[in-house]
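Chain and residue survey
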Amino acid sequence: MKRIGVLISGGGTNLQALIDKQGSVIRSGKIVCVCSNRSDAYGLERAKKAGIPTRVIRKNADCGGDDAAFNRAICEYMKSMNVDVIVLAGFLAILGGDLLTEYADRIVNIHPSLIPAFCGDGFYGLKVHEAALSYGVKVTGATAHLVNEITDGGKILLQKAVNIENGDTPETLQKRVMEEAEWIILPEAVELICKGENYENN
Ligand code: GAR
């Protein structure tokens with residue numbers, strides 16, 4: 001069983017999907033800790049309800065606003081919990097440094113578009129759906145991918161398409177992309193990495 005550490009920043013609906021799919025979709029790993037960069041993230045409550053240990057590490061308040069110190073603090077926490085695989089489940093800060101080296105090919109992110117569309121620096125949360133709607137694409141979706149030093153640039157593990165409907169707002173689209181894509185492919189991608197099988201052809 002691989003030990004999974006989850007990083008969050010907000011509501012934590014993707015964390016909830018991971019919790020709910022332990023033992024069914026996720027058979028080769030177990031969530032052992034949840035870390036948030038915001039103390040008010042509702043996902044922390046979801047973790048507590050599921051009996052999962054939590055930690056808050058804030059870049060400004062705890063790490064003097066220093067990126068390297070922030071990444072080191074997260075890395076040290078993950079190592080102290082003997083984490084094998086890190087999942088970014090709506091984690092809206094950029095990672096780098098020690099953490100990426102230490103956990104190379106063992107960090108999975110979920111992004112709410114079909115990469116390479118609407119991704120990279122500045123594309124997160126509702127902004128991604130606003131961009132898709134203003135461009136006028138008819139299909140969007142979600143991508144689960146490995147994390148490297150390029151924002152949203154790591155190897156793609158799984159993608160799922162979602163149709164855009166007449167009258168969609170960023171909020172209705174975000175909800176549909178979560179329900180029809182993110183909550184499905186993120187647990188599947190985590191299982192792929194935990195199982196350690198060759199995922200090239202998945
Ligand atoms: C999700 O839509 C996730 O894909 C997105 O933030 C939301 C978090 O929701 N992540 C990004 O935009 C990363 N670039 P959640 O806290 O309810 O899981």
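Throughout, a residue's number is its position along its own chain's written sequence, starting from 1. In keeping with the model being predicted, local features are shown solely for residues with a pLDDT of at least 70 and side-chain atom pairs are shown and tallied solely at 80 or more, while totals for entire chains, interfaces and linings include all residues. Note: side-chain values were computed over all heavy atoms of the structure, leaving out hydrogens and water.

**Things to note about the site of the ligand**
In plain terms, the rule: Only heavy atoms are used to decide nearness, and a residue is near a molecule or strand if one of them lies within 4 Å of it. What qualifies as a polar contact is a pair of N or O atoms within 3.5 Å, subject to a donor-acceptor requirement within protein and to the restriction that residues adjacent in sequence count only when both atoms come from side chains. Computed with a 1.4 Å probe, the accessible areas rest on the Shrake-Rupley method; for each residue, only the protein chains presented here act as cover. Both site types are read off a 1 Å grid over the protein atoms alone. A 1.4 Å probe that fits but cannot get out defines a cavity, while an open set with protein on both sides within 12 Å along at least five of seven lines defines a pocket; lining residues have an atom within 4 Å of a point. A molecule is counted as occupying a cavity or pocket when more than half of its atoms fall within 2 Å of that pocket's grid points. Strands here mean DSSP runs of E at least two residues long; helices mean DSSP runs of H or I at least four residues long; both are numbered from the N terminus. Classification convention: Asp, Glu, Lys, Arg as charged; Ala, Val, Leu, Ile, Met, Phe, Trp, Tyr, Cys, Pro as nonpolar; all other residues, Gly among them, as polar.
The environment of the ligand is made up of 15 residues, and the closest members are Gly 12, Thr 13, Asn 14, Gly 125 and Glu 182. Between the ligand and Gly 12, the relevant distance is 2.8 Å, taken from an oxygen atom to a main-chain nitrogen or oxygen of the residue. Here Glu 182 contributes a side-chain N or O atom positioned 2.7 Å from an oxygen atom of the ligand. For the ligand, the protein covers 92% of the area, taking 450 Å² as the surface of the free molecule. Spatially, the ligand is embedded in the largest pocket. Elements that contribute at least two residues to the shell around the ligand include exactly helix 1 (13-20), strand 5 (107-111) and helix 7 (170-195). A class-by-class count of the residues in the shell around the ligand yields 6 nonpolar, 8 polar and 1 charged.

**Some words on the side chain of His 111**
Under the convention used in this document: Three exposure classes are used, based on accessible area relative to the maximum for each residue type with a 1.4 Å probe and protein chains only: buried under 20%, partly exposed in between, and exposed over 50%. Two residues qualify as a contact provided that any one of their heavy atoms is within 4.5 Å of a heavy atom in the partner residue.
Secondary-structure assignment places His 111 in strand 5. On the basis of relative accessibility, which here comes to 3%, the residue His 111 falls in the buried class. Residues in contact with His 111, not counting those within four places in the same chain, are Phe 118, Cys 119, Phe 123, Val 128, Gly 141, Ala 142, Thr 143, His 145 and Asp 152.

**A few points about the pairing of strand 4 (residues 85-88)**
Applicable threshold: Whether two strands pair depends on DSSP finding at least two bridges between them. The handedness of a crossover follows from its direction of travel: if, with the strands pointing away from the viewer, the path from the first strand over the helix to the second runs clockwise, the crossover is right-handed.
By the alternation rule, side chains of strand 4 split into Val 85 and Val 87 and Ile 86 and Leu 88, which are all buried. Two elements, strand 1 (residues 2-8) and strand 4, share 4 bridges in a ladder whose sense is parallel. Paired with Gly 5 across the bridge in strand 4 is Ile 86. As defined by bridge partners, strand 4 adjoins strand 5 across 3 bridges and the pair is classed as parallel. Across the sheet, residue Leu 88 finds its bridge partner in strand 5, namely Asn 109. Between the parallel elements strand 4 and strand 5, the chain passes through helix 5 (residues 97-102) in a crossover that is right-handed.

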